[in-house]
Amino acid sequence: MKKKIALIFGVTGQDGFYLSELLLKKKYKVHGVKRRSSSVPTRRIEKYLNNKNFFIHYGDITDASSVQNLINKINPTEIYNLAAQSHVGVSFLTPLYTANVNALGVLSILEAIKNTNNEIKFYQAGTSEMFGKTINKSQNENTIFNPQSPYGTAKVFAHQITKNYRDAYNIFASNGILFNHESPIRGENFVTKKIISSLVKISLGLQKKLVLGNLYAKRDWGHAKDYVEAIYKILQKNKPGDYVISTGKEYTIKEFVNMTAKMLKLKISWKGKGLKEIAINKDNGKTLISVSKIYYRPLEVDFLKGDSTKAKKELKWQSKIKIKELINEMINYELKNLI
Ligand code: NAP
Ligand code: GDD
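Residues numbered from 1 in each chain as written. Chains lettered and ligands numbered in written order. Predicted model: local features only at pLDDT ≥ 70, side-chain atom pairs only at ≥ 80, totals over all residues. Heavy atoms only, no water.

This part is about the pairing of strand 1 (residues 5-9). Of all five residues in strand 1, five are buried; the element is thus mostly enclosed. Traced from strand 1 through helix 1 (residues 14-25) to strand 2 (residues 29-34), the parallel crossover comes out right-handed. Looking at chain direction, strand 1 and strand 4 (residues 78-81) are connected through four bridges and run parallel. When the sheet's bridge partners are listed, F9 is paired in strand 4 with N81. (Buried < 20%, exposed > 50% of the residue type's maximum accessible area, 1.4 Å probe, protein only. Helix = DSSP H or I, 4+ residues; strand = E, 2+ residues; numbered from the N terminus. Right-handed = clockwise from strand over helix to strand, strands pointing away. Pairing = 2+ DSSP bridges.)

So, in structure tokens, the structure goes:
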């Protein structure tokens, strides 16, 4: 039987959890890499720590020696690189660090594959942020990249270098170009999680106000559980390639707030414009949501909507979980942790 040994960089993150879950179900031996931290970094993957097919190692993709040593020791059949400084806003505050992790870190892994065993299949976690300021209403694998942040720019380097190593050294190296995907275990400072966790607390009387940035950016939001299936399928093809993974639907941040408020039976109405825009509670006139400059970015990606025709055709993949189901699941998770 074919050996199935996966090495996941970024296993402690949102996608790391869902991908581990999927690969363990498929009878893989899953090796994950955690960074040294002053607090427990394995909160999300706690349920797998005692699984006999799940192994955790210390490492960091900015430390080429640790990457090389792990690959030598584990000799994986597949490597999934999900590791990144993944917050676009924070990338403006830590640009060099972000470039080091998101661009050079990827090159470290590719070099180690080239020098060790070029039969290892490699997945790179690319992003719709690479499209940035685009003129195309929807974006596919042929859309030109025009990133608008240190995060997006570093990811373009990672995308291109992955293609270079595929072509130059005949490595099975593929890029996913994933649009935003969320889940109950999404990081706290991404907008969906922030909106849902705050509005749930507001609905229970545990928080007074939610402060947001740009309400008019549009995003194409899917569910991480669906998206890791696409990631897996990308590495099971006979040939490497690049794939856009998305739902094909876009909503503004304000529409996301409105859907969440409605599900929580919070009656809100919007007033004002720009930084003065607020949402009030229709029942008592109190301000529930306001806007602050501090959450605006120096550059914004105004809209993103993916066209996953290639993934549908070649991977037989399609996003299944609809936005309202996603919001509902995220709301229920918050409620369960609060009540
Ligand atoms: P996430 O929750 O922020 O997880 C990022 C992971 O990378 C964490 O495990 C983190 O470890 C790890 N990491 C950060 N720096 C590292 C380093 N130097 N060495 C090793 N590990 C490091 O992100 P996610 O939402 O799961 O996303 C996974 C990947 O997909 C990321 O590369 C992201 O840029 C990309 N992506 C995400 C989306 C999305 O909407 N979620 C869309 C497109 C692309 P700690 O736990 O120690 O911080
Ligand atoms: N985080 C955050 N916090 N974003 C806000 C806020 C706020 O208070 N208010 C408005 N926004 C707007 C941002 O300006 C952006 O336009 C949009 O909400 C989404 O922001 P995030 O949830 O932080 O996600 P992102 O789109 O910047 O990046 C995510 O998706 C990318 C794929 O397109 C991350 O997961 C990236 O790692 C990923 O590559």
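Next comes the rest of the account.
Taken together, 23 residues form the shell around ligand 1, and within it T12, R35, D60, S86 and Y151 come nearest. Taking G13, its main chain carries an N or O atom lying 3.0 Å from an oxygen atom of ligand 1. Here an oxygen atom of ligand 1 and a backbone polar atom of Q14 are 3.0 Å apart. Protein burial of ligand 1: of its 900 Å² of free accessible surface, 89% is covered by the chains. Among the elements of the structure, helix 1, strand 5 (121-127) and helix 5 (150-169) are those that each provide at least two residues to the shell around ligand 1. Ranked by residue count, the leading element in the shell around ligand 1 is strand 5, at three residues. Here the residues of the shell around ligand 1 sort into nine nonpolar, nine polar and five charged. (Near = heavy atom within 4 Å. Polar contact = N/O pair within 3.5 Å; in protein donor to acceptor, adjacent residues only side chain to side chain. Areas by Shrake-Rupley, 256 points an atom, 1.4 Å probe, with all protein chains shown as cover. Nonpolar A, V, L, I, M, F, W, Y, C, P; charged D, E, K, R; others polar.)

Turning next to the sheet that holds strand 11 (residues 242-245). Note on sheets: strands pair through backbone hydrogen bonds, and any given pair is parallel or antiparallel. With respect to topology, seven strands assemble into an open sheet ordered 3-2-1-4-5-6-11, the strand pairing being parallel. For this open sheet the edge positions go to strand 3 (54-58) and strand 11, each flanked by a neighbour on one side alone. The sheet shows a mean angle of 20° between the axes of neighbouring strands, taken without regard to direction. Relative to strand 6 (residues 173-178), strand 5 is paired through six bridges, and the arrangement is parallel. Across the sheet, the residue bridging to Y123 is S174, located in strand 6. (Axes fitted to C-alpha atoms, helices over the stretch in contact; angles between N-to-C directions.)

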